[in-house]
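The lines below spell out each chain.
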Amino acid sequence: MASLNPIRILKHEADEEKGETARLSSFVGAVAIGDLVKSTLGPKGMDKILVSHGRNAGQVEITNDGATILKSIGVDNPAAKILVDMSRVQDDEVGDGTTSVTVLAAELLREAEKLIELKIHPQIIIAGWRKATQVARDALTAIAMDNRRDLLNIARTTLSSKILSQHKEYFSKLAVDAVLRLKGSGNLSAIQIIKKTGGTLEDSFLDEGFLLDKKVGVHQPKRVENARILIANTPMDTDKIKVFGSRVRVDSMAKIAELEVAEKEKMKDKVNKILKHNCTVFINRQLIYNYPEQLFADAGVMAIEHADFDGIERLALVTGGEIVSTFDNPEMVKLGHCDVIEQVMIGEDTLLRFGGVALGEACTIIIRGATQQILDEAERSLHDALCVLAATVRESRIVYGGGCSEMLMANAVQTEAAKTPGKEAVAVEAFARALQTLPTTIADNAGYDSAQLVSELRAAHSQGRHSMGLDMEIGRIGCMKELGITESFVVKRQVLLSASEAAEMILRVDDIIRAAPRKREQDRGRC
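Just so we're clear, the structure is a prediction, and the values are computed from it rather than from any experiment.

## Side note on the overall build of the protein chain
Broken down by element type, the protein chain carries 16 helices and 19 strands. Residues classed as buried in the protein chain amount to 49% of the 527 residues present. Put simply, of all contacts in the protein chain between residues at least 6 apart along the chain, 75% involve residues at least 24 apart. Accessible area of the protein chain: about 26700 Å², with a carbon and sulfur share of 50%.

## Considering the environment of I193
Following the sequence through the fold, I193 ends up in strand β5 (residues 191–197). With 173 residues separating them in the primary sequence, I193 and I366 have C-alpha atoms 6.0 Å apart. Setting aside its immediate chain neighbours within four residues, I193 contacts I365, I367, E379 and L386.

## Describing the pairing of strand β16 (residues 468–471)
As judged from the four bridges shared by β16 and strand β17 (residues 476–479), these two strands associate in the antiparallel manner. Considered in β17, the bridge of D471 is made with R476. The hairpin turn running from β16 into β17, its antiparallel successor, is four residues long, and G475 in that turn takes a positive phi close to 75°.

## Quick word on the side chain of S500
Mapped onto the elements, S500 comes out in helix α16 (residues 489–507). Under the relative-accessibility criterion, S500 is labelled buried at 7%. Engagement of the side chain of S500 in a polar contact is seen with the backbone oxygen of L497, the distance being 3.1 Å.

## Section: α16
Between the first and last C-alpha of α16 there are 27 Å, a value that for 19 residues agrees with the 27 Å anticipated at 1.5 Å per step. When you tally the buried positions in α16, you get 15 out of 19 residues, the bulk of the element. You can read the cap of α16 off the contacts: a side-chain oxygen lies 3.3 Å from the backbone nitrogen of V490, and it is on S488.

## As for the sheet that holds β5
Strand order in the open sheet made by the three strands is β5-β14-β6, with mixed pairing throughout. Two strands lie at the open edges of the sheet, namely β5 and β6 (205–207), each paired on one side alone. Adjacent strand axes in the sheet meet at a mean angle of 25°, parallel and antiparallel pairs treated alike. In terms of strand pairing, β5 meets strand β14 (residues 363–369) through seven bridges, oriented parallel. Residue K196 lies in a different strand from β14, and its bridge partner there is R368. Across the face of the sheet, helix α7 (residues 168–181) comes into contact with β5, β6 and β14 while running at roughly 15° to β6. Here helix α11 (residues 372–394) sits on the sheet in contact with β5 and β14, set at roughly 160° to β5.

## Here's the deal with unusual backbone geometry
Here K119, not a glycine, exhibits a phi torsion of approximately 65°, which is positive. The topology assignment puts K119 in the loop between α4 (98–117) and α5 (122–143). Positive phi, normally seen in glycine, also occurs at N226, with a value near 45°. Residue position: N226 is located in strand β8 (residues 224–232).

## Digging into the nonpolar core
Ranked by internal contacts, the top residues of the largest apolar core, which has 66 residues, are W129, V413 and L435. If one sorts the elements of this core by residue count, helix α13 (residues 424–445) sits on top with 10 residues. Excluding anything up to four places from it in sequence, W129 contacts L108, A112, A427, F431, A503, E504 and L507. If you look at the next biggest cluster of nonpolar residues, it comprises 53 residues, including V94, L159, F171 and A385.

What counts as what
Within each chain, residue numbers correspond to sequence positions counted from 1 in written order. Per-residue local features of the predicted model are confined to residues with pLDDT of at least 70, and side-chain atom pairs are confined, for both listing and counting, to 80 or more; whole-chain, interface and lining totals are unaffected and use all residues. The basis for the side-chain values is all heavy atoms of the structure; hydrogens and waters are excluded. A helix here means a DSSP run of H or I that spans at least four residues, while a strand means a run of E at least two residues long, and both kinds are numbered starting from the N terminus. Only protein chains enter the area calculation, which uses a 1.4 Å probe; residues under 20% of their type maximum are buried, those over 50% are exposed, and those in between are partly exposed. In what follows, a contact means two residues having at least one pair of non-hydrogen atoms within 4.5 Å. Note that accessible areas follow from Shrake-Rupley with a 1.4 Å probe, and for residues the cover is restricted to the protein chains shown. Two strands qualify as a pair provided DSSP detects at least 2 bridges between them. Any pair of nitrogen or oxygen atoms within 3.5 Å is treated as a polar contact; in protein, a donor-acceptor pairing is required on top of that, and neighbouring residues in sequence qualify only through side-chain atoms on both sides. Residue count minus one, scaled by 1.5 Å, sets the expected span of a helix. To define axes, lines are fitted to C-alpha atoms, for helices over the stretch in contact only, and angles between the resulting N-to-C directions are given on a 0 to 180 degree scale. Here, nonpolar core refers to any group of buried Ala, Val, Leu, Ile, Met, Phe, Trp, Tyr and Cys residues whose side-chain atoms link them within 4.5 Å.

Following this line, the structure appears as structure tokens:
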């Protein structure tokens, strides 16, 4: 007679959650992530303090950037990890909207949980959501306007929820000037950001050259005009015998002197090969020891050591040179060029400025601030603004911010729900409610009466006033067109599509299988 006991097919200690339990576990994890970052949304959003452990123990970060917060927390819940990855993709793709996309996905799953309790099948909910997403996307596309000249307003809106909100006029102009220098290429690697403690945020500025935070070698020229730059990644220490475990035995001190002379000769040959490239500046990613530095000084060549990999990659890009590791064929090497290399003082530090570089759009933004935490958060804020502006230059359509776009999409979806027969209509309505939570959260975070403001906003949109949104300065609804609160169409579209796709993926789950933890076996050593 066959046993009626369930047959276990998983390994011992492997774990499985099925059906409702798996779904509930996913919902709880995703909603918790949404609630974590929800309070940072909008111009009056709060900040989080992140304290590191492990290698950077005790390091403190203060931020309200959704992607940074989610990147820093270790999550074990699989659904929560999906939302963390989604916010990272949002940050990489368009640079902004990382909090919005997480909150929207979490609210969709909160609504889905209620529908599951009403015994509506996940596939029916998904079908309703897909219809709602398409309607919302069409509504958003319909109100998008082509206005490339509105870059300043887009930068202001992006920075209004960041640490730079008090100086948004100044930094908006700075970000727009930097992006306009790119001449439509959108190549953000040509814009370098350097952080220097001291001064105030208002002391930050845009330099039209390329700055390198390095010093020139001893007794070498401090200023070079019409520079020919050789960029290298090569060891410039005295060449040691680099065979592991090797040993050299000598029978007198004279032999040691001979070895040292041989090493010096080898290095001298290498420096002579470099000098044959007819360069006036040598920049190396690795260290340059005293002897080769002295040889470069004798030859009147400026030598810069330990320019980190980002530094030499960007230098190669902006000066038009190549990174080389061998020096046997000077005729095949492409040197970088710039009009002048000189030392400049920023605060108490001396930096090297490359003026008149081959890539004319290259520039450097120097951020000043009282503490390292302020500088780090200012850099993240400026990076978001630069990404949004670069995306807007490529796709110049804009939409109104301040919860205006979300309410317009929610109203369009609500209208579609009224026309939809069957259970799908309930899912479409739930999608509209989730969209409305974004303006609700913005109002809540500012300490205003969200129920009153959102109902006024809904009524205004129903009456055809499609430019109305939330004015968080005075706590009322206002015309976003007059207030100049605009956002990039690309960012809004990405928020809508990413959140609905991630929520749909999590809703499809009905089984979570966790692998058995790997056991540490005792090391018995060599046999």
